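Examination of the molecular architecture
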Amino acid sequence: MSQMLTNVESLRGALHNAMADDSAVVVFGEDILDPYGGAFKVTKGLSTAFPQRVFTTPICEGSIVGMANGLALRGMRPVAELMFGDFITLAADQLINHAAKFPAMYNGRVTLPLVVRTPMGGGRGYGPTHSQSLERMFCGVPHLSVVAPSIFHDAGKSLRAAIASAQPVVFIENKLLYPLRQQLHSTATLQHEFLDAEAEYPTVRLRNFGAGNSPDVTLITNGGISRFLPSLLQRLSDEEIRLEALIPASLSPLPPIAPFAAAAANSGRVVIAEEGTTSNGWGAEFAARLYESCMGKLACPIVRVGALPTVIPAAKQLEDEVLVSETTILNAILKVFS
Amino acid sequence: MGANDTTAIIVEIAKQPGEQVRKGEVICVAETTKSIFDIEATHDGWITFLAETGGELAVGEPVAAICDTPTSAEEILAFIASVSAPVILPQAEGDAAASWTMKAEMVARQQGIEIQQVAAVFPGKKITEADVHQFLAEQSAKPISVTAAVRDLVNDPYPAGRVQRLVIVGGGEGAVQILDALAKIPGQHAVAIVDDNATLHGRSVAGVPVVGPVDATHVKQMIQQNQADGVVISVSTSIPFRQRIFDEWSAAGIPFANVVHPSAQVGINAAIGAGNVILAFCQIGPCATVGNNNFLSAYCSIEHHSTLGNHCSFGPGVITSSRANIGDRARFGTGIFIEPHITVGHDSVVGSGCILWSDVPAESVLKSKLNYAIRQKKVKR
């Protein structure tokens, strides 16, 4: 098997291919032109290949997304990059009050094929305003998709799906995933499959055990947390604990709950892990949906794991205390199992 | 290096191998995802490159070495290997203790045994879930040695004045309550407990051995072999279980005994059947009738001229007034008052805190609707 692409290579390739395939695709954002190629190098080489359709913008997220909305309304397929996900708050009005509403307000006579790409997540010592995972603030907005591929997804394929979508998409990239290689196939110790391979943004199922066994614990997670899973699944396998991890790429709207509910009822024990804080979050919504479908079928309450409800410190050791680690997830799994 | 990079590519080597360099001179150029940057000599000396142009190096890998004298790459690599040889730490004492998987430990705990018990059976092996299951299977398959297990402290061959030797069915908290009562009753004594939980077999409850499963043949054998005189059921939570054991074993000729705590009061002309457990501070009023196989927790009162059926289970503090009539298999919670002349039909369940003013039909379920407002107490500080 050829070596898998890194996440950043996959995304970069998808942008190149999307621009080559469709002249309506335009890409813009802060500092994305070569030779710098963007803060995280996802757009590296793009402005050289497509100089007329890749441009740099002033430091104004509201304007970037506002301009993208206008382009989308007029038939272009804009892909806007926000340098850090923390600054998506500045574009919230354009996303929530404009992009998500125009198609319905104009009675379906317009579409808004917009993609806003932005990196989220900490672990790099970037401090309180460059490390957050704010995607949950945009989850639950009607007609706005929030998509976050994991290392077990083909990130480029997800991005192509987002660009092809007629609906506005907030596309979350985790900073720590960029340099990691994607894992899209099973290995000797890890079963990888898609629950719904034909879905626009599919859900990955990982298992550290073979067919014929049922899982001890079900872990539901997304995006950046996936970086912990290869090691975590192996550790649990060594301890004979069978873990099934379900990793949806679509954070909002949530994918159909039935297969998740079936998995939860099968193991009876569920941990939900997310990168951001847990209150009123993605995991809370997921847990509520599961309870609606799994009343009486769980052996113990669902446990949610997330960042501590405080600012993210810049100092590495303090940051580690605040953010989710492999150990916090492991402890949650042991908690529901014992 | 950028914070996002774990590797860098050497794009240019600026010095000849073996060339003399000065501190601060550019020796090579590296590229990361963020940018291209120069690597400068950190010392004066002769340079030996350990990487090639185009090579991708992980963070921490050496690019080149600068030595005080010209040195070959082999010598430098040998030196690096010699100083970075892994240090083998001595194994701590008792390290072998953690020789089981977490799953094995959890399964053992869930089954009520210690993982160390299993580890002792499989010395030198990392204990797995399968080993724990094997251990449990072997434990429950062991034949029960009745003669050796029964605690017969009564060395009295004569029937008159003899201490009654009891077998208790169930080794849970009900058994503890019965044993507590028996400890205060000179004329009765528990010799064995039977319980279907295999993990209890071979153990003891308050000094009384759990000799095997709930098995009529086995218990009858104990009685026939003059090791026990009667049986009492300690399980109060399952009325169907109480009834099944009582009916089947009575039919098999196994005698049932009453255990009545010495602090309980029994009035004149009261009639009490067999197999009843009547715990501390209960009252059976004068002329009251109690059937068979009832379990009365502490502070229950079956008031005068009342009638109680069979196989009923009472939580603490169930108080009847006169001439109550309680059917079979009724179950009561805690703290219940029953007015005079009230009938509680068979198979009914009366929840804690109920006050019965009127008759309860058979197979009823009663739940108290008492509702309390709880507020924070105002404390003067």
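Here the structure is a predicted model, which is why all the values come from computation and not from measurement.

Calculation notes
For every chain, the first residue of its written sequence is number 1, and the numbers climb from 1 along that sequence. Starting at A for chains and at 1 for ligands, labels are handed out in the order in which the entities are written. Local features are withheld for residues below a pLDDT of 70 in this predicted model, meaning they are given only at 70 or higher, and side-chain atom pairs are given and counted only at 80 or more; totals for whole chains, interfaces and linings count all residues. Strands here mean DSSP runs of E at least two residues long; helices mean DSSP runs of H or I at least four residues long; both are numbered from the N terminus. To assign burial, the other C-beta atoms lying within 10 Å of each residue's own C-beta are counted, with C-beta atoms placed from the backbone; 20 or more indicates buried, 12 or fewer indicates exposed, and intermediate counts indicate partly exposed. Remark: residues whose backbone-derived C-beta atoms lie within 7 Å of one another are considered to be in contact. Confidence scores here are pLDDT values: one per residue, from the predictor, ranging 0 to 100. Gly is placed with the polar residues, together with every amino acid not listed as nonpolar (Ala, Val, Leu, Ile, Met, Phe, Trp, Tyr, Cys and Pro) or charged (Asp, Glu, Lys and Arg). In this analysis an axis means a line fitted to C-alpha atoms, helices contributing only their contacting stretch, and an angle means the value between N-to-C directions, from 0 to 180 degrees. Put simply, angles under 35 degrees are roughly parallel, angles over 145 are roughly antiparallel, angles from 65 to 115 are roughly perpendicular, and the rest are oblique. For two strands to count as paired, DSSP must find a minimum of two bridges between them. Orienting the strands away from the viewer, one traces the path from the first strand over the helix to the second; a clockwise path indicates a right-handed crossover.

Moving on: the overall build of chain B. When you go through chain B residue by residue, the secondary structure sums to eight helices and 30 strands. Expressed as a percentage of its 381 residues, the buried residues of chain B come to 35%. Considering only contacts within chain B whose residues lie at least 6 apart along the sequence, 38% involve residues at least 24 apart.

This brings us to the confidence of the model for chain B. All names here are of chain B. Of the residues in chain B, 89% have a pLDDT of 70 or more, and the chain-wide mean is 86. Per-residue pLDDT, averaged within each element of chain B, yields its smallest value for helix α5 (residues 146-149) (41) and its largest for strand β19 (residues 295-296) (97). Throughout residues 88-96 the model reports pLDDT below 50, and contacts reaching past four residues in sequence, or to other chains, amount to zero contacts. Predicted confidence for residues 151-158 stays below pLDDT 50, and this span has 13 contacts to residues more than four positions away or in other chains. Scored as a whole, the predicted complex attains pTM 0.60, and scored at its interfaces, ipTM 0.77.

Across the contact, 13 residues belong to chain A and 12 residues belong to chain B. Among the residues making up the side of chain A that touches chain B, the classes are represented as six nonpolar, two polar and five charged.

Glancing now at the environment of Pro-51 of chain A. Secondary-structure assignment places Pro-51 of chain A in the loop between α2 (46-49) and β2 (54-56). Considering only alpha carbons, one finds Pro-51 of chain A and Asp-34 of chain A, 17 residues apart in sequence, at a separation of 9.8 Å.

Once that is clear, we can look at the packing of helix α3 (residues 61-73) of chain A against helix α4 (residues 92-99) of chain A. Residue and element names in this part refer to chain A. Remark: α3 packs on α4, axes separated minimally by 8 Å, with the N-to-C direction vectors making an angle of 30 degrees. Here α3 lies roughly parallel to α4, going by the angle between them. Listed contacts from α4 to Gly-62, Val-65, Gly-66 and Asn-69 of α3 are Asp-93, Gln-94, Leu-95, His-98 and Ala-99. Partitioning the contact of α3 with α4 into residue classes produces three nonpolar, five polar and one charged.

Next up on the list: the pairing of strand β13 (residues 303-307) of chain A. All names here are of chain A. With respect to burial, β13 is a largely interior element, five of its five residues being buried. As paired elements, strand β12 (residues 270-277) and β13 share four bridges and run parallel to each other. Paired with Val-271 across the two strands is Val-303, which belongs to β13. Crossover connection from β12 via helix α9 (residues 282-294) to parallel β13: handedness right-handed.

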